[in-house]
Amino acid sequence: MAAAEHVLDDGGADLQLVHVPGPGSPDDRAALRDDLPDPFGVNGLGLVWADKEHTLTGVLEGRPVASAGWLLRDVAFDGLPRRVAGLGGVLVHPAYRGRGIARTVISVAVEHARAAGAETMILLCRPDLVPLYTQLGWSRLSVPVTVQQPDGARTSPLTTMIYDLAGLPRPSISVDLRGLPF
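1. Re unusual backbone geometry
Phase 1 of the analysis: Positive phi values are uncommon outside glycine, yet Glu-61 reaches one of about 50°.
Phase 2 of the analysis: Checked against the element boundaries, Glu-61 lands in the loop between β3 (54-60) and β4 (63-77).
Phase 3 of the analysis: For Glu-61, a relative accessible area of 79% corresponds to the exposed category.
Phase 4 of the analysis: Positive phi is not limited to glycine here, since Arg-178 has a value of about 55°.
Phase 5 of the analysis: Here Arg-178 lies in the segment after β11 (175-176).
Phase 6 of the analysis: Here Arg-178 falls in the partly exposed class, since its relative accessible area comes to 44%.

Right under this line is the structure:
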């Protein structure tokens, strides 16, 4: 799949969204982290994360200002298979926060996942980010979510949010990501 570009109106500035296969450019990731040691606030959890299959990077004036990654996977909702897009690596450079860029990047990632056949999107996030995702139509899960780690399965220590893409029921017992967290 070739890189795809979209230009969106961002309050007078043109936000260009570039979709590429894989985890994206190491230089773009470094620029977005802006030398922050733990930009996602999850290093202390000791989790090993899955590589993303797709990355969407927001670019303003030639500079990466935001990104989101996702991967497609079959997971288990209450023991039944579900095609899921796991969203992760959502980051907006600190100097560009508060401009709606995260909303744009996440919304476009959702549409890419829908077009790729995902039935539900899942993300694991810190509790302080729940209000942001709730405003974007995501809902919090209250069932245990199992993630794989090199030393075996464990329950995710993060809040799990889902976004329904196909009108399917929410899990009522458990979710097993059947792999590393995204």
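Let us keep going from here.
2. A few points about the packing of aromatic side chains
Phase 1 of the analysis: Under the criterion given, the structure shown has two aromatic pairs.
Phase 2 of the analysis: Here Tyr-133 and Trp-138 contribute two aromatic rings whose centre-to-centre distance is 5.8 Å and whose plane-to-plane angle is 75°, an arrangement assigned as edge-to-face. Each of the two residues, Tyr-133 as well as Trp-138, counts as buried.
Phase 3 of the analysis: Look at Trp-138 and Tyr-163: their rings are 5.5 Å apart centre to centre, the planes differ by 50°, and that puts the pair in the tilted class. One end of the pair, Trp-138, is in the loop between α3 (130-135) and β7 (139-140); the other, Tyr-163, is in strand β10 (residues 159-164), with 25 residues separating them in the sequence.
Phase 4 of the analysis: Exposure remark for Trp-138: the relative accessible area of 3% places this residue in the buried category.
Phase 5 of the analysis: Put simply, the rings of Tyr-133, Trp-138 and Tyr-163 pair up and form one aromatic cluster.

The rules behind the values
Residues numbered from 1 in each chain as written. Predicted model: local features only at pLDDT ≥ 70, side-chain atom pairs only at ≥ 80, totals over all residues. Heavy atoms only, no water. Helix = DSSP H or I, 4+ residues; strand = E, 2+ residues; numbered from the N terminus. Buried < 20%, exposed > 50% of the residue type's maximum accessible area, 1.4 Å probe, protein only. Phe/Tyr/Trp six-rings, centres within 6.5 Å; stacked < 30°, edge-to-face > 60°.

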